[in-house]
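Chain by chain, the residues run as shown.
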Amino acid sequence: MGTRSNLAAPPLRLTLPPALPLVLLAAVLGSSTIASAEPWTMTTSSDFNARAVMVGTGDVDAGRPLATDPSVVPADKVLETRLRLGGLVAWTRRSGFLRPLGFIRSVSLHVQGDLLSGPQWTDGHSTLMRHDPLEQRPTEVLKQVRLRRGFVQVDTTLGRIAAGRMVSTWGLGLLAQSGDADPYQFGIKRDGVIVDRVQFATAPLLTFDGARPSGVPLFISVAADRVVVDDLAIASNGDEAYNFIGAILYRGAKVHAGGYAVMRSQTNPKEGSDLRIDANAYDVYARWADSVGDWRIEAATEWLMLRGETTYFRTASNPDLLKILQFGGVARITATQGDLGLRLETGLASGDDRPFDDTLSNLKFSREYRVGLAMFHEGVRRTTAALAANLDDPRYLGQAPTGFDRAATGGSVTGAIYAMPTVRYELFGKRLTLLGAVLWAQAPAPMVDAYQSGLNGGDAIGPRGGKASTDLGLEVDVAAAWRQPFAKNFAVTVRGDLGNWMPGAAFDDAAGNSAAAVMVWMGRVELQGSW
């Protein structure tokens, strides 16, 4: 159920008359056969999470062609809120299987929604940010309501069938991201990937003869999605995006490993009947966890490749299709001992130093995958939003390339090789949590700004007019959180994050002057509970 509280109460259990669950099963499965004298157990649970977050970002130097143009995305502050409510109702057979249907083991209904989800107050808005995805979030109360989960799940002896609205997730979340918080992250996650899905999953090498399944825990799943919201599509904006998914995953006691493949088709009739994205994603994931002496060690990795074609970003030099060829991944190791936690994460997202060729090669991680606080999620986010604003400026370009606004990353990790060691320490009975991290990042290829390069005849020029470089800079982050339980199954958390990004040579101007450091701070109050 989304971000669940670790204070979950024991679920309420009620024994229902046998006829009622059977009627519900018949309604779900479309069956008219109802016959059983054995009791069912109904389990219910609910949870909620309410938070208010204030984010402040300092000035970010941006590249503009004329001295009279504003060359800084000014400092701003944003207050955003979210109230998330969720619930689960499940009917489970106490013993044996349903007769005469013979194969149904449980039926459950999952519901979760967000209210007041988005910005409530801003200060310092810049027109250079007008194409940034986060800046385009609705401010009207009614438009800040979203159903994240609303699906029925039926477990049978052959497998699991699920249909309805749900959150898509896989591996570490580079591609399919749940939006759930990570204990080592800085900043916040918001929505995750939300889809309307029909899914079937099965474990052909497992048997369920006893109280516990036995055999090989190998799971196979197929699904079809209509995308509600992800980094490329928002259905309410007219995007029509569909995914067809196949996955296989081994889930042993110590090892998880598997593969995930997606066929994506996307259009937007509002933008143009000839605009489309047709691409395939191939993703592999592995995780190992075990105890080594007094330490708990977990190693995990996820790698993916995207291939396909699109009619977005067409220009005079490439008036037809553009190819998509992108790759990247993450490897990390986490060690915990008592109140101390250590993590080292390294990652690669392919870049693109040839913005005018026929291939889009800069991979973007899901923007909900958090790496640091300031560099990618605020600094590069603003730099690329300024790029999109430049491309949309009729003074310098007769007509912007189709899909130019997608140049704005919205805070995604892209075009980077990075390493990030993080230390986490808990005090006072785990009520106080301290985090500290250093993020070092380079680009796999020189960081070329498409607009600045176009003004200079295609030369490799960075976002502020300097010579393109691979040096993205260094960032230092700290955070502190106090979690105070109260009443039964409720807690309030107060947290502060602070990050300082020192941009590297990739952000120098034409005279070789470095971009100013960018400070980002965040304050958060969060109330959560379950019953």
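Residues numbered from 1 in each chain as written. Predicted model: local features only at pLDDT ≥ 70, side-chain atom pairs only at ≥ 80, totals over all residues. Heavy atoms only, no water.

## Side note on the environment of Arg 464
Working step 1: Mapping Arg 464 onto the fold places it in the loop between helix H3 (450-455) and strand E22 (471-486).
Working step 2: On the accessibility criterion, Arg 464 (15% relative accessible area) is buried.
Working step 3: It is 6.1 Å that separates the C-alpha atoms of Arg 464 and Asp 508, two residues lying 44 residues apart in sequence.
Working step 4: In contact with Arg 464, other than residues within four places in its own chain, are Asp 61, Ala 62, Gly 63, Phe 507, Asp 508, Asp 509, Ala 510, Asn 513, Ser 514 and Ala 515.
Working step 5: Looking at Arg 464, its side chain comes within polar contact range of the main-chain oxygen of Phe 507, at 2.7 Å.
Working step 6: Here the side chain of Arg 464 touches Asn 513 through a polar contact of 3.3 Å, landing on its backbone oxygen. (Helix = DSSP H or I, 4+ residues; strand = E, 2+ residues; numbered from the N terminus. Buried < 20%, exposed > 50% of the residue type's maximum accessible area, 1.4 Å probe, protein only. Contact = heavy atoms within 4.5 Å. Polar contact = N/O pair within 3.5 Å; in protein donor to acceptor, adjacent residues only side chain to side chain.)

## Some words on the pairing of strand E7 (residues 146-156)
In the case of a regular strand, side chains alternate between the two sheet surfaces.
Working step 1: Of the pairings in the sheet, the one linking strand E6 (residues 104-123) to E7 comprises 10 bridges and is antiparallel in character. Within E7, the position partnered with Asp 114 by the bridge is Arg 146.
Working step 2: Bridge count for E7 against strand E8 (residues 160-168) is six bridges, and the pairing is antiparallel. Note that in E8 the partner of Val 152 across the bridge is Ala 163.
Working step 3: If you look at the hairpin formed by E7 and E8, you'll find three residues sitting between the two strands, and Gly 159 has a positive phi there, around 160°. (Pairing = 2+ DSSP bridges.)

## Some words on the pattern of salt bridges
Working step 1: One pass over the structure, following the stated rule, counts 32 salt bridges.
Working step 2: Note that Glu 309 and Arg 276 form a salt bridge whose closest N and O atoms lie 3.4 Å from each other. Placement of Glu 309 in strand E16 (residues 295-310) and of Arg 276 in strand E15 (residues 272-292) is noted, with a sequence separation of 33 residues between them.
Working step 3: The salt bridge involving Glu 378 is made with Arg 381; its shortest N-O contact spans 3.0 Å. (Salt bridge = Lys/Arg side-chain N within 4 Å of Asp/Glu carboxyl O.)

## Re the side chain of Ser 126
Working step 1: Checked against the element boundaries, Ser 126 lands in the loop between E6 and E7.
Working step 2: You can call Ser 126 buried: its relative accessible area is 10%.
Working step 3: If we skip the residues at most four places from it in the chain, Ser 126 touches Val 73 and Pro 74.

## Things to note about the pairing of E16
Working step 1: As defined by bridge partners, E15 adjoins E16 across 16 bridges and the pair is classed as antiparallel. Residue pairing for E16: Val 292 is matched across the bridge by Trp 295.
Working step 2: Counting the residues that bridge the hairpin from E15 to E16 gives two residues, and of these Gly 293 lies at a positive phi of roughly 65°.
Working step 3: Both E16 and strand E17 (residues 322-337) contribute to a ladder of 15 bridges, which runs antiparallel.

## Examining the environment of Gly 179
Working step 1: Residue position: Gly 179 is located in the loop between E8 and strand E9 (193-202).
Working step 2: Remark: the alpha-carbon pair of Gly 179 and Glu 368, spanning 189 residues in sequence, is separated by 6.1 Å.

## Some remarks on unusual backbone geometry
Working step 1: For Leu 116, which is not glycine, the phi torsion reads 50° and is therefore positive.
Working step 2: On the secondary structure map, Leu 116 appears in strand E6.

## Comments concerning the confidence of the model for the protein chain
Detail in the predicted coordinates should be disregarded across regions flagged by low pLDDT.
Working step 1: Residues at a pLDDT of 70 or more form 89% of the protein chain, whose mean pLDDT is 88.
Working step 2: Ignoring residues within four places in sequence, the model shows residues 1-37, a span with pLDDT below 50, making 81 contacts including any to other chains.
Working step 3: Residue range residues 95-101 is modelled with pLDDT below 50. Its contacts to residues more than four positions away, or to other chains, number 21 contacts. (pLDDT = per-residue confidence, 0-100.)

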